[in-house]
Amino acid sequence: RENLSLIFIGTLNKRKGMDLVIRALAEVQLRNWTLDIIGDGPEKETLENLVKLHGLEEQINFIGRIHDKAIQREYFKKADFSISYLQAGLSVLTSLAYGVPVIVNYKAISGGEIENVRNFITGFKVSNEREFLSLLHFLIRNRSISSNMSFSAKEHYWTKCNPESFVSQLASIL
């Protein structure tokens, strides 16, 4: 694959920060990346307009909701990184389960899922849009990094995050 493939999965609402992601992506000089946005929500039209405003229709695809896990799996199979910018919830665990490293903001709203994102192992944590933009340039220039991190992401999920390992860890505490 030539392009860096990014994915977002979730409800399109303001608190997810996808407008910030799109604005940062608009500043990437090279256009050798794509972003598949899986989901729907009250911000969809605003985000579509923002994509048009920045001329990113070729790079950003609004897929809509996908309930079929087999179809969802196909999107994750082609993704290099998942973005959960300002809200790092179940999408973090879903991405790791598929072996897709995650990019989050350090200040993302989270029920603890953000703790599973470890720099250069299961994903990246950035402080702001400037860092996000720098990271994107780095990832575009260093394409092999995602395949190296993919194994770590999947291994982390299956040893630390899946329900069976969680119950096992809990039982060992009790």
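As a starting point, this report considers the structure included with it.

### Re the sheet that holds strand β6 (residues 123-126)
Spatial ordering of the open sheet is given by β3-β2-β1-β4-β5-β6, a layout of six strands whose pairing is parallel. Whereas interior strands pair on both sides, the edge strands pair on one side only; in this sheet they are β3 (60-64) and β6. On average, each strand axis in the sheet is tilted by 25° relative to the strand beside it, whichever way the strands run. As paired strands, strand β2 (residues 33-38) and β3 are joined by four bridges and run parallel to one another. What sits directly across from Ile38, in β3, is Gly64. Across the face of the sheet, helix α5 (residues 129-141) comes into contact with β1 (4-9), β2, β4 (81-84), β5 (102-105) and β6 while running at roughly 150° to β6.

### Description of the nonpolar core
Ranked by internal contacts, the top residues of the largest apolar core, which has 33 residues, are Trp33, Leu35, Ile60, Phe81 and Phe132. Elements with a contribution of two residues or more to this core: β1, α1 (18-26), β2, α2 (44-53), β4, β6, α5 and α6 (144-161). Those residues in contact with Phe132, other than ones at most four positions away along the chain, are Val21, Ala24, Ile83, Tyr85, Ile103 and Val126. Ranked by size, the runner-up nonpolar core spans 13 residues in total, among them Val92, Leu96, Val102 and Val117.

### Comments concerning the packing of helix α4 (residues 90-97) against α6
A packed helix pair is summarised by two numbers, namely the angle formed by the two axes and the spacing between the axes. Running from amino to carboxyl end, α4 crosses α6 at an angle of 115°, the nearest separation of the two axes being 7 Å. The residues of α6 that touch α4, namely those facing Leu93, Leu96 and Ala97, are Ala153, Lys154, His156, Tyr157, Trp158 and Cys161.

### Re the pattern of salt bridges
Per the stated rule, a full pass over the model turns up six salt bridges. For Lys77, the salt bridge goes to Glu74, with nearest N and O atoms at 3.4 Å. With a gap of three residues between them, Lys77 and Glu74 both fall in helix α3 (residues 69-78), about one helical turn apart. Residue classification places Glu74 among the partly exposed positions, given a relative accessible area of 45%.

About the thresholds
Throughout this description, residue numbers start from 1 for each chain and increase along the sequence as written. Owing to the predicted nature of the model, reporting of local features is limited to residues with pLDDT of at least 70; listing and counting of side-chain atom pairs is limited to 80 or more, with chain, interface and lining totals taken over all residues. Processing note: side-chain calculations cover all non-hydrogen atoms of the structure and skip hydrogens and water entirely. For two strands to be treated as a pair, DSSP must find at least two bridges joining them. Numbering of helices and strands runs from the N terminus, with a helix taken as a DSSP run of H or I at least four residues long and a strand as a DSSP run of E at least two residues long. Note on geometry: axes are lines fitted to C-alpha atoms, helical ones only across the stretch in contact, with angles between N-to-C directions running from 0 to 180 degrees. Only heavy atoms matter for contacts: two residues are in contact if any of them lie within 4.5 Å across the pair. Definition of nonpolar core: a set of buried residues of the types Ala, Val, Leu, Ile, Met, Phe, Trp, Tyr and Cys, connected through side-chain atoms within 4.5 Å. Burial here depends on accessible area, computed with a 1.4 Å probe over protein chains only, as a share of the maximum for the residue type. Under 20% is buried, over 50% is exposed, and the range in between is partly exposed. Salt bridge, as applied in this entry: a Lys or Arg side-chain nitrogen positioned within 4 Å of an Asp or Glu carboxyl oxygen.

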